[in-house]
Amino acid sequence: MFKFDFTSSTEGADHADNSENEKKAESDRMIAKMEERSITSAQSCKLLNVSASTSDKVKSCVHEHVDLQSSSIDGLHYILPQHTALSEKNTDLIPGVYEGGLKVWECSLDLCRFLAHVMDGTMSTETDFRHVTESVRRSIENGGSAFELGCGHGLPACLLLRESVRRHTDSVVVFSDFNDFVLRDVTVPNALLNVCGLYQQQGNESVVDSASQVLQKQSVYAGGDWMGLSHKLSNNEVLLPFPLTENRVVDERFDVLLASETTYTTESCQDTAYLMLKHLKVDIGVGLVATKRFYFGVGGGADAFAQAADKVSESSQSHGLSLVVRTIQSYDTGNANIRDLLEVRLVKK
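Note that the coordinates shown come from a computational prediction; the quantities given were computed from them, not determined experimentally.

Peer 1: How should I be thinking about helix H9 (residues 226–234) in this particular structure?
Peer 2: One full turn of an α-helix is made of 3.6 residues, so residues set three or four places apart face in the same direction. Most of H9 is tucked away, with 7 of its 9 residues classed as buried. At the N-terminal end of H9, a side-chain oxygen is found 2.9 Å from the backbone nitrogen of Met227, two or three residues along, and the residue is Asp225. Where H9 ends, the next residue or the one after it, Asn236, has phi of about 55 degrees, a positive value.

Peer 1: In this structure, what is going on with the packing of helix H4 (residues 106–119) against helix H5 (residues 130–139)? I would like to understand it.
Peer 2: The angle between the axes and the distance between the axes are what describe a pair of packed helices. Axis separation between H4 and H5 bottoms out at 9 Å; the angle between their running directions is 90 degrees. Taken together, H4 and H5 sit at an angle that is classed as roughly perpendicular. When H4 is examined against H5, the residues Phe114, Leu115, Val118 and Met119 are found in contact with a partner set consisting of Val132, Thr133, Val136 and Arg137. For the contact of H4 with H5, the residue count by class is 6 nonpolar, 1 polar and 1 charged.

Peer 1: Which parts of the structure should I look at to understand the packing of aromatic side chains?
Peer 2: A full pass over the atoms with the stated rule returns 4 aromatic pairs. Considering the side-chain rings of Phe147 and Phe254, the 5.1 Å spacing of their centres and the 50 degrees angle between planes classify their relative orientation as tilted. Residue Phe147 is found in strand S4 (residues 145–149), and its partner Phe254 is found in the loop between H9 and strand S7 (256–260); the two are separated by 107 residues along the sequence. The pair Phe147 / Phe254 is uniform in exposure class, with both members buried. Taking NZ or CZ as reference, Lys103 lies 4.3 Å from the ring centre of Trp105, over its face.

Peer 1: Which parts of the structure should I look at to understand unusual backbone geometry?
Peer 2: One can expect most non-glycine residues to show negative phi and most peptide bonds to be in trans. At Gln69, a position not held by glycine, the phi torsion is positive, near 55 degrees. Its identity as a non-glycine residue notwithstanding, Asn236 has a phi of 55 degrees, on the positive side. With respect to the element layout, Asn236 can be found in the loop between H9 and S7.

Peer 1: What should I look at first to understand the nonpolar core in this one?
Peer 2: Buried together is how nonpolar side chains tend to be arranged in soluble globular proteins. Membership of the largest hydrophobic core comes to 59 residues, with the highest contact counts inside it found for Phe114, Phe175 and Leu288. Here the element with the most residues in this core is helix H7 (residues 180–201); it accounts for 12 residues. Of all hydrophobic cores here, the second largest spans 39 residues; its members include Val238, Phe254, Leu323 and Val344.

Peer 1: Mind showing me how you'd approach the pairing of S4 here?
Peer 2: Walk down a regular strand and you will see the side chains alternate between the two sheet faces. Within S4, 5 of the 5 residues are buried, leaving the element largely enclosed by the surrounding structure. Of the two faces of S4, the one lined by Ser145, Phe147 and Leu149 and the one lined by Ala146 and Glu148 are each fully buried. Relative to strand S5 (residues 172–177), S4 is paired through 4 bridges, and the arrangement is parallel. Within S5, the residue paired with Ala146 across the bridge is Val173. Crossover connection from S4 via helix H6 (residues 155–166) to parallel S5: handedness right-handed. With 4 bridges connecting them, S4 and S7 associate as parallel partners. Along S7, the bridge assignment pairs Ala146 with Val256.

Peer 1: Honestly, the pattern of salt bridges in this entry has me stumped. Any pointers?
Peer 2: Between side chains of opposite charge, a pair can form as their charged atoms come close. For the structure shown, the criterion picks out 20 salt bridges. The partner of Lys46 in a salt bridge is Asp180, with the nearest N and O atoms 3.4 Å apart. Here Lys46, found in strand S1 (residues 46–48), pairs with Asp180, found in helix H7; they are 134 residues apart in sequence, far enough to count as distant. For Lys46, a relative accessible area of 48% puts it in the partly exposed group. Given the relative accessible area of 21%, Asp180 is considered partly exposed.

Cut-offs and rules
- Residues numbered from 1 in each chain as written.
- Predicted model: local features only at pLDDT ≥ 70, side-chain atom pairs only at ≥ 80, totals over all residues.
- Heavy atoms only, no water.
- Buried < 20%, exposed > 50% of the residue type's maximum accessible area, 1.4 Å probe, protein only.
- Helix = DSSP H or I, 4+ residues; strand = E, 2+ residues; numbered from the N terminus.
- Polar contact = N/O pair within 3.5 Å; in protein donor to acceptor, adjacent residues only side chain to side chain.
- Axes fitted to C-alpha atoms, helices over the stretch in contact; angles between N-to-C directions.
- Parallel < 35°, antiparallel > 145°, perpendicular 65-115°, else oblique.
- Contact = heavy atoms within 4.5 Å.
- Nonpolar A, V, L, I, M, F, W, Y, C, P; charged D, E, K, R; others polar.
- Phe/Tyr/Trp six-rings, centres within 6.5 Å; stacked < 30°, edge-to-face > 60°.
- Lys NZ or Arg CZ within 6 Å of the ring centre and 35° of its normal.
- Core = buried A, V, L, I, M, F, W, Y, C linked by side-chain atoms within 4.5 Å.
- Pairing = 2+ DSSP bridges.
- Right-handed = clockwise from strand over helix to strand, strands pointing away.
- Salt bridge = Lys/Arg side-chain N within 4 Å of Asp/Glu carboxyl O.

Just geometry here; none of it tells us what the structure is for.
Right under this line is the structure:
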C-alpha cells in the first residue's frame, strides 16, 4: 500500500545531531575512565635506574642479532632471557599479569627495519613518507624525543637511542612496559648492549661505563600501567636520573611514539590511541603502530585501532585535536596473518 512520508528534514537533522551527541558522550565516558585510571595507577608506576648489575647481565647472557636490511644502519642485538617463573608456563601472555615482553614479536622487527630505512635515506625521495621521515630524524637530534609503549625488548627504541648516541645528540627515549622485570631483565640490558656495541666500534676504552652514563642521561624506563606514566608525564614528574645537579623534566609530548603489538584487544587499541592523543606533538609528531591486521578472537588489529583513534578524537576532552591514521606499509608472507604499519598524526580539527 502506498504511503506518504511526511518526515521533515529538520527531524532528520535532529536525529543525526542526537547520534553525534551520543557518540561524543560515549567517548567522554571512555576518556573519563582512562583519566581516573591514570590517577589511581600513577603511584604504582616505577622508574627504574641503570645499575652496575646490568652490565654483568649483558656479559653473561646469550645474544641474538637482528639484520635491519639497511645499507648503512648496523643491525641490533638482544639478549635471550632466562625467566623460570614464566618458562614453566607455556604462554606468550597472561592478561593483567604478564604482557608478553620477554618475546621478540615480529611486528617489532618490522618497525625496526622501517626506522632503519627512514634513517638511511631509503624513504627520503618518497613524498608519502616526508612527514614520518622528518619526525623520526627530529627525534634523534638535539632536543628530540621518542616514547615506546609496551616496549618489551624495546628494540625500536634501542635503535633510536643508539643512533642518537652515534650523532652525539641529547635526545631522550622513554621505554615503558607493564612488567618491571621485563625492563630489568631485557629492556635495559638491550639498550646497554647496543650502545656498548657502538662504542666498541668507535674504539672507546671504557665501553660499559660510557654506555651506562648515556642511558642515565638520555633514557627512562617506566614499569606499570601506561596510564600511570601518562599521569606522571602530564604533571612533569618524569625526570632523567643523571646528572643529579641538572635533572631534566621529560616533556609530555614526543616527536615519535612507537607501539608494536599493543593493539591485540579492543581495550588495548583504545589505550594506545589515548596515549597518542595525550603525548604526540601536535602537527609535527608521528606515531608508528606495528600491528597484525587481525587478532582473532580478541577484537584487536589495524581496523580496531583506527576505530579507537576516531573514538578518542570524538571526545570533548580531545581539546580540538584529532588523530589521523593511515597504513603506510603492509607485510604479507602468504602463509600468516597480514601485518600492517600505521602512521598516526595528531592534528587540529
